[in-house]
Amino acid sequence: MPRIMAFDYGTKRVGIAVTDPLQIIATALDTVHPKDIIDYVRRYMEKEPVEAFVLGDPIQMDGNPSDSAQHVRGFSTLLKKAFPLIPQHWIDERFTSKLAHDAMLQGGLKKSDRRNKETVDAIAATIILQYFMQTIR
């Protein structure tokens, strides 16, 4: 069964998470620079089939798009051009970074490890993917 891949897109880093082949478990995969993301996804898909992309939708508390929404929309367009047959799904990403920090704290990571923004972004992508998996079940 193909995997589902999720992204926590930022202008400095993109956190990436994937499901297992049975689409039961979401796992943090990596964090890459935005300029490298399409090549990264292409290389990944040469080894593993992916059936859908999930993107974190940056929404403010009042329901309006955040300042970063335009960047995520641009990333979505790049994904559509590079992988036109892969459907995209959007999940509200409010609080995912906070939840990622909480998960790291509960997991017993040292303070220096919790400050690693790459780890936070990969875990945030995992949370986005978990939310998506809950909505499709």
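So, how was this worked out
- Residues numbered from 1 in each chain as written.
- Predicted model: local features only at pLDDT ≥ 70, side-chain atom pairs only at ≥ 80, totals over all residues.
- Heavy atoms only, no water.
- Pairing = 2+ DSSP bridges.
- Helix = DSSP H or I, 4+ residues; strand = E, 2+ residues; numbered from the N terminus.
- Axes fitted to C-alpha atoms, helices over the stretch in contact; angles between N-to-C directions.
- Core = buried A, V, L, I, M, F, W, Y, C linked by side-chain atoms within 4.5 Å.
- Buried < 20%, exposed > 50% of the residue type's maximum accessible area, 1.4 Å probe, protein only.
- Contact = heavy atoms within 4.5 Å.
- Phe/Tyr/Trp six-rings, centres within 6.5 Å; stacked < 30°, edge-to-face > 60°.
- Lys NZ or Arg CZ within 6 Å of the ring centre and 35° of its normal.

**Q** Before we move on, could you go through the sheet that holds strand β4 (residues 50-57) and cite the residues and values that matter?
**A** Read from one edge of the open sheet, five strands run β3-β2-β1-β4-β5, paired in mixed fashion. The sheet is open, and its two borders are formed by β3 (26-32) and β5 (88-92), each paired with just one other strand. Adjacent strand axes in the sheet meet at a mean angle of 25°, parallel and antiparallel pairs treated alike. The pairing of strand β1 (residues 3-9) with β4 spans five bridges and is parallel. The partner of F7 across the bridge, within β4, is L55.

**Q** Break down the nonpolar core for me, with residues and values.
**A** Counting residues in each nonpolar core, the largest one holds 20 residues, and the members touching the most others are M5, F7, I16, I37, F53 and L79. Going through the elements one at a time, β1, β2 (14-19), α1 (37-47), β4 and α2 (69-82) are the ones with two or more residues in this core. If you tally residues by element for this core, the top one is α1, at five residues. Contact partners of M5, with chain neighbours within four places excluded, come to I16, A17, V18, L29, V41, Y44, V50, A52, F53 and V54. Within the second largest apolar cluster, twelve residues are counted, among which are A6, I91, A125 and L129.

**Q** I'd love a proper account of the side chain of T126, names of residues and values included.
**A** Looking at where T126 falls in the secondary structure, it is placed in helix α5 (residues 117-136). A relative accessible area of 9% means that T126 is categorised as buried.

**Q** Report on the pairing of β4, specifying residues and quantitative values.
**A** Burial of β4 is extensive: seven of the eight residues sit out of reach of the surface. One ladder, built from five bridges, connects β4 with β5; its direction is parallel. When the sheet's bridge partners are listed, F53 is paired in β5 with Q88.

**Q** Report on unusual backbone geometry, specifying residues and quantitative values.
**A** Phi angles above zero are rare outside glycine, and Q23 is one such case at about 60°. Along the polypeptide, Q23 turns up in the loop between β2 and β3. Q23 sits in the buried class, given a relative accessible area of 6%.

**Q** Pulling in residues and values, what's your account of the packing of aromatic side chains?
**A** Scanning the model with the defined rule gives four aromatic pairs in all. A ring pair is formed by F53 and F83, whose centres lie 5.7 Å apart and whose planes are at 70°; its orientation type is edge-to-face. Taken as a pair, F53 in strand β4 and F83 in the loop between α2 and β5 lie far apart in primary sequence, 30 residues in all. When sorted by exposure, F53 lands in the same class as F83, which is buried. Here R73 stacks its cationic end above the ring of W90, 4.2 Å away from the centre of that ring.

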